Amino acid sequence: DKGEYRHYMLKEIHEQPRVIKATMEGRVTATKVLEQALGTEAGNLLQDVRHVQIIACGTSYHAGMVARYWIEDLAGVPCSVEVASEFRYRNHVIQKDTLFLCISQSGETADTLAALRQAKKAGFRAALAICNVPGSTLVRESDLVIMTQAGPEIGVASTKAFTTQLTALLLFTLALARKNGLSEEREAEIVKALHLVPGQVNDVLALDGEIAEMSMRFMDKNHALFLGRGSQYPVAMEGALKLKEISYIHAEAYPAGELKHGPLALVDSEMPVVTVAPNNHMAEKLKSNLEEVRARGGELFVFADRAANIKPEDNIHVIQLPEVHEITAPIVYTVPLQLLSYHVAVLKGTDVDQPRNLAKSVTVE
Ligand code: M6R
């Protein structure tokens, strides 16, 4: 039931504060992650993990890309991420102390399941699933499971599944990091930041009107670029995927530092450039990337916090986001991009919940 909402996607976007909270519930105290809440075997299975191999498709793959930054930064454990459809068809090396981590909303994605089954033959320490559907094939075939508590997701474009996957992935990262020397203070700092996320997402939802107005500038465009740096690069990828899926505007994401290496040639007044720019250690570098775009007559749409100090000017539209911790920023910064693509699609009159050619669950190759 869509209730008061015009589309399931919009309803699901608005459910995020609640389902993010639900995904944390019973798994964290005010200052730390309860390892046993990740499964009674978790302590044991995570003990000697020396490498994490993440496998997923689509939006779930983007969640894995964000997690890679967290796992290497906080746990100091090397992490690789690959789309399942590629992984399953190449020869790969899996060391026995690898944690094989599949991320899937449905738990029924054919490529992801095939990759898991194939990796099992090669041997690894344990298979962890991050999944939204209890009793799904992926859940049944994994050693350790962290369920996201997003509830049923009806819209084909994944929204609340993604932000709850990120929440679960951060809890997992902290549990792994503790075994690898993360200090109690740093853990407490991040858990406290995570407790603030539902409220921050609510603040972003309150920007809906501003974002809807911005969306009008995309309606008649055929292409868009999405830029981010660091853990915000996968957020940009997810933003581009949302726009493609539901508004049929061609969108590409780039890590902003790659601009000069090619895509800058595309930039003109017909190519809107969307940027996610929290005030992290890359903010200064990102600003000089933005200058490159502006100098070529590009129109910039920036989501940034006040401290990033990006001023609106001609051709630079800025929407200010709440101040967020650098680690939790990818969760919060995803939300305005969901709203942007939603409003563009509504303006274009496309079928928001059931985009052409796509199925909610890809159970065939
Ligand atoms: O159920 P899964 O998470 O395994 O699905 C993976 C992708 O098919 C899915 O995320 C797809 O990309 C969505 N339509 C994205 O909005």
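None of these values were measured; they are calculated from a predicted model. (Residues numbered from 1 in each chain as written. Predicted model: local features only at pLDDT ≥ 70, side-chain atom pairs only at ≥ 80, totals over all residues. Heavy atoms only, no water.)

(A) Summary view of the nonpolar core. If you look at the biggest cluster of nonpolar residues, it comprises 91 residues, and the most contacted ones within it are Val52, Phe226 and Phe303. Excluding anything up to four places from it in sequence, Phe226 contacts Ala236, Gly239, Ala240, Leu243, Ala251, Glu252, Ala253, Tyr254, Val274 and Leu337. In terms of nonpolar packing, the next biggest core, distinct from the first, is built from 18 residues, Val273, Leu286, Ala304 and Ala308 among them. (Core = buried A, V, L, I, M, F, W, Y, C linked by side-chain atoms within 4.5 Å. Buried < 20%, exposed > 50% of the residue type's maximum accessible area, 1.4 Å probe, protein only. Contact = heavy atoms within 4.5 Å.)

(B) Structural detail: the site of the ligand. Residues in contact with the ligand amount to 14 residues; listed here are only the nearest, Ser60, Ser104, Gln105, Thr109 and Glu245. One nitrogen or oxygen atom from the main chain of Val156 is found 3.1 Å from a nitrogen atom belonging to the ligand. Within the contact set of the ligand, an oxygen atom lies 3.1 Å away from a side-chain nitrogen or oxygen of Lys242. With the chains in place, 90% of the 410 Å² that the ligand exposes on its own is no longer accessible. Ranked by residue count, the leading element in the shell around the ligand is helix H4 (residues 58-75), at three residues. The residue inventory of the shell around the ligand, partitioned by class, reads four nonpolar, eight polar and two charged. (Near = heavy atom within 4 Å. Polar contact = N/O pair within 3.5 Å; in protein donor to acceptor, adjacent residues only side chain to side chain. Areas by Shrake-Rupley, 256 points an atom, 1.4 Å probe, with all protein chains shown as cover. Helix = DSSP H or I, 4+ residues; strand = E, 2+ residues; numbered from the N terminus. Nonpolar A, V, L, I, M, F, W, Y, C, P; charged D, E, K, R; others polar.)

(C) Region of interest: the pattern of salt bridges. All chains considered together, the criterion is met by 20 salt bridges. With its nearest N and O atoms 3.1 Å apart, the salt bridge here joins Glu15 to Lys11. Residue Glu365 is joined to Arg88 by a salt bridge in which the shortest nitrogen-to-oxygen separation is 3.6 Å. Within this pair, whereas Glu365 is found in the segment after helix H13 (329-348), its partner Arg88 is found in the loop between helix H5 (84-87) and strand E3 (98-104), the two being separated by 277 residues in sequence. For Glu365, a relative accessible area of 65% translates into the label exposed. Exposure remark for Arg88: the relative accessible area of 15% places this residue in the buried category. A single network of salt bridges, built from pairs that share partners, joins Lys11, Glu15, Arg18 and Lys160. (Salt bridge = Lys/Arg side-chain N within 4 Å of Asp/Glu carboxyl O.)

(D) The sheet that holds strand E2 (residues 79-83), seen in detail. Within the open sheet, the five strands sit side by side as E2-E1-E3-E4-E5. Their pairing is parallel. Lying at the two open borders of the sheet, with one neighbouring strand each, are E2 and strand E5 (144-147). Taken over all neighbouring pairs, the strand axes of this sheet differ in orientation by 20° on average, direction set aside. The pairing of strand E1 (residues 51-56) with E2 spans five bridges and is classified as parallel. Bridge pairing links Gln53 to Ser80 in E2. Lying over the sheet, helix H6 (residues 110-122) contacts E1, E3 and strand E4 (126-131), oriented at roughly 165° with respect to E3. (Pairing = 2+ DSSP bridges. Axes fitted to C-alpha atoms, helices over the stretch in contact; angles between N-to-C directions.)

(E) Representation of the packing of aromatic side chains in the model. Taken as a whole and judged by the stated rule, the model has three aromatic pairs. A ring pair is formed by Phe87 and Phe100, whose centres lie 5.6 Å apart and whose planes are at 55°; its orientation type is tilted. Linking Phe87 in helix H5 with Phe100 in strand E3, this pair joins segments that are 13 residues apart in sequence. Aromatic pair Phe100 and Phe124: ring centres 5.4 Å apart, planes at 10°, arrangement stacked. On the criterion of sequence distance, the pair formed by Phe100 in strand E3 and Phe124 in the loop between H6 and E4 is long-range, its members being 24 residues apart. The same class applies to Phe100 as to Phe124, namely buried. An aromatic cluster of at least three residues, connected via ring pairs, comprises Phe87, Phe100 and Phe124. Taking NZ or CZ as reference, Arg68 lies 5.7 Å from the ring centre of Tyr69, over its face. We note Arg356 situated over the ring of Tyr248; from NZ or CZ to the ring centre the distance is 3.8 Å. (Phe/Tyr/Trp six-rings, centres within 6.5 Å; stacked < 30°, edge-to-face > 60°. Lys NZ or Arg CZ within 6 Å of the ring centre and 35° of its normal.)

(F) Just the side chain of Glu245, in detail. In this structure, Glu245 sits in helix H11 (residues 233-247). For Glu245, a relative accessible area of 15% corresponds to the buried category. Once residues lying within four places of it in the same chain are set aside, the contact partners of Glu245 are Val156, Ala157, Pro355 and Leu358.

(G) Here's a closer look at the sheet that holds strand E8 (residues 273-277). Taken in spatial order, the five strands of this open sheet run E7-E6-E8-E9-E10, and their pairing is parallel. Across the chains shown, the open sheet's two edge strands, defined by having one partner strand only, are strand E7 (250-255) and strand E10 (316-321). Mean inter-strand twist for the sheet, computed between neighbouring axes without regard to direction, equals 20°. Relative to E10, strand E9 (residues 300-305) runs parallel, the two sharing six bridges. For Val302, the partnering residue across the bridge sits in E10 and is Val318. Across the face of the sheet, helix H10 (residues 208-215) comes into contact with E9 and E10 while running at roughly 160° to E10.

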